[in-house]
Structure formats: structure tokens, C-alpha cells
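This is what each chain is made of:
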Amino acid sequence: MQPAATAKWYDGRDYVFVEFCVEDSKDVQINFEKEKFTFSCLGGAENVKHFNEVNLFNAIDPNDSRHKRTDRSVLCYLRKGESGQKWPRLTKETPKLNWLKVDFNNWRDWDDDPEEEDLSSFEKFSQMMNNMGGDDDGDIPDVDGMDDDGSQDSDDEKMPDLE
């Protein structure tokens, strides 16, 4: 039996987001269906074969559901069959799955938040993360001489010698 990949999930207004935490994943295969989806890949230096089958809490639109692989994980965006319907859990089954956790860093109560959530904002964040790196294109301000206005701060005074 193949081990399940660890995953975190959170609920959005139009999408449910699932992140499979597998570093250096290869041969990623995801099959979206209306009531479930499967995830499999080879991961890590040992090429461990992971497999997850998720019977979903509610229906999704498999044609508008996508995934994106990064070096550290595989992000899945599951388009809800009914936008605006809350999902109290990811799976149809109520027993706790040891490989699945709630992503509290991204979870928000979107009923209380008037700002609409859309996939484009998630894609912008993903694009920003992809563009981060060691590029020397940006102008980084020189912070060494930031306060060179000639004035002396009170904490710049010479410290008395210790006896």
C-alpha cells in the first residue's frame, strides 16, 4: 500500500484549496471528478510513491479545477459546484484522516469579509512567489546612509568606559 501524502486545506467562497506537501515531486497525476479526486506522485530523494483518494464533502466542477506544482508542494484549486456554500470539512467521511490538516494560515470566515475572493488573487500570489529569488534586477535602497542628515541621535553618544 502506498503512503498518503500529507496535505492541508482551506475553504474559499468559490474554490476549495488543497496543498499536498511533497518536496521535489515528480510524475504528478491528479484526476478531478465531480464527487472525488485522486492525487499521486513520486516525492523526495527516495522517490516515494504517494497516493491519496479524496471523497469530497460536496460536488466540484472538474473542468474548472486545476493544480500547480512547486518544488515544495502541489497546490490544487477545486472549483465548487455551488459557489458560496461553506464546506465544514474537505471529505464526505467524518473520521479524522491523519494525513489531512486544516490550513489555518489561509482560513478565513468569508461570510464576515465583504471582499470577494477570486482565483485571480491566488494566482497573483502564486506568480509573486514564483518571481521571488536571487534576481539582482530590483533597486534595493542603501540603508547604511539612511539618516545621514548630520544630526546625532541620543543613542549615538559615546558610552562611558567600564571600570
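Note that this is a predicted model, so its numbers are computed, not measured.

Another point: the packing of aromatic side chains. For the structure on display, the rule yields 7 aromatic pairs. Ring centres 6.1 Å apart and planes at 70° place the aromatic pair Phe20 and Phe37 in the edge-to-face group. Of this pair, Phe20 sits in strand S2 (residues 15-20) while Phe37 sits in strand S4 (residues 36-43); the two residues are 17 residues apart in sequence, bridging distant segments of the chain. Judged by its relative accessible area of 0%, Phe37 falls in the buried class. Ring pairing ties together the aromatic residues Tyr10, Tyr15, Phe17 and Tyr77, which thus form one cluster.

Attention now goes to the nonpolar core. Core analysis: the biggest nonpolar cluster contains 22 residues, and Val18, Phe20, Phe37, Phe39, Leu56, Leu78 and Leu90 have the highest contact counts within it. Elements that contribute at least two residues to this core include exactly strand S1 (7-11), S2, strand S3 (26-32), S4 and strand S7 (74-79). With near-sequence residues (within four places) excluded, Phe39 lies in contact with Ala5, Phe20, Val22, Val28, Gln29, Ile30, His50, Phe51, Asn52 and Val74. Counting 5 residues, the second largest nonpolar core, distinct from the first, contains Tyr10, Tyr15, Phe17 and Leu75.

This part takes up the sheet that holds strand S6 (residues 66-69). The mixed open sheet is built from 5 strands, whose spatial order is S6-S7-S2-S1-S8. Looking along the sheet, the strands with just one partner apiece sit at the ends: S6 and strand S8 (100-102). Neighbour-to-neighbour, the strand axes of this sheet turn through a mean angle of 20°, independent of strand direction. With 4 bridges joining them, S6 and S7 adopt antiparallel strand pairing. Looking across to S7, one finds that Arg69 is bridged to Val74.

Moving on: the sheet that holds S3. The strands making up a sheet associate through hydrogen bonds between their backbones, and the pairing can be parallel or antiparallel. Judged by pairing direction, the sheet is antiparallel, and its 3 strands sit side by side in the order S3-S4-S5 without closing on themselves. Two strands in the sheet have a free side with no partner beyond their single neighbour: S3 and strand S5 (48-55). Averaged over all pairs of adjacent strands, the angle between strand axes in this sheet comes to 5°, irrespective of strand direction.

Before going further, it helps to examine the side chain of Ser40. Along the polypeptide, Ser40 turns up in strand S4. Among residues more than four places away in sequence, those in contact with Ser40 are Asp27, Val28, Gln29, Lys49, His50 and Phe51.

This next bit is on the pattern of salt bridges. Evaluated as defined, the whole model comprises 6 salt bridges. Here Asp64 makes a salt bridge to Arg66, at a shortest N to O gap of 4.0 Å. Close ionic contact of Asp64 with Arg79 constitutes a salt bridge, the shortest N to O distance being 3.1 Å. Placement of Asp64 in the loop between S5 and S6 and of Arg79 in strand S7 is noted, with a sequence separation of 15 residues between them. According to the relative accessible area criterion, Arg79 is partly exposed, its value standing at 23%. Counted as one network, the salt bridges with shared partners bring together Asp64, Arg66 and Arg79.

Rules used throughout
Residues numbered from 1 in each chain as written. Predicted model: local features only at pLDDT ≥ 70, side-chain atom pairs only at ≥ 80, totals over all residues. Heavy atoms only, no water. Phe/Tyr/Trp six-rings, centres within 6.5 Å; stacked < 30°, edge-to-face > 60°. Helix = DSSP H or I, 4+ residues; strand = E, 2+ residues; numbered from the N terminus. Buried < 20%, exposed > 50% of the residue type's maximum accessible area, 1.4 Å probe, protein only. Core = buried A, V, L, I, M, F, W, Y, C linked by side-chain atoms within 4.5 Å. Contact = heavy atoms within 4.5 Å. Pairing = 2+ DSSP bridges. Axes fitted to C-alpha atoms, helices over the stretch in contact; angles between N-to-C directions. Salt bridge = Lys/Arg side-chain N within 4 Å of Asp/Glu carboxyl O.

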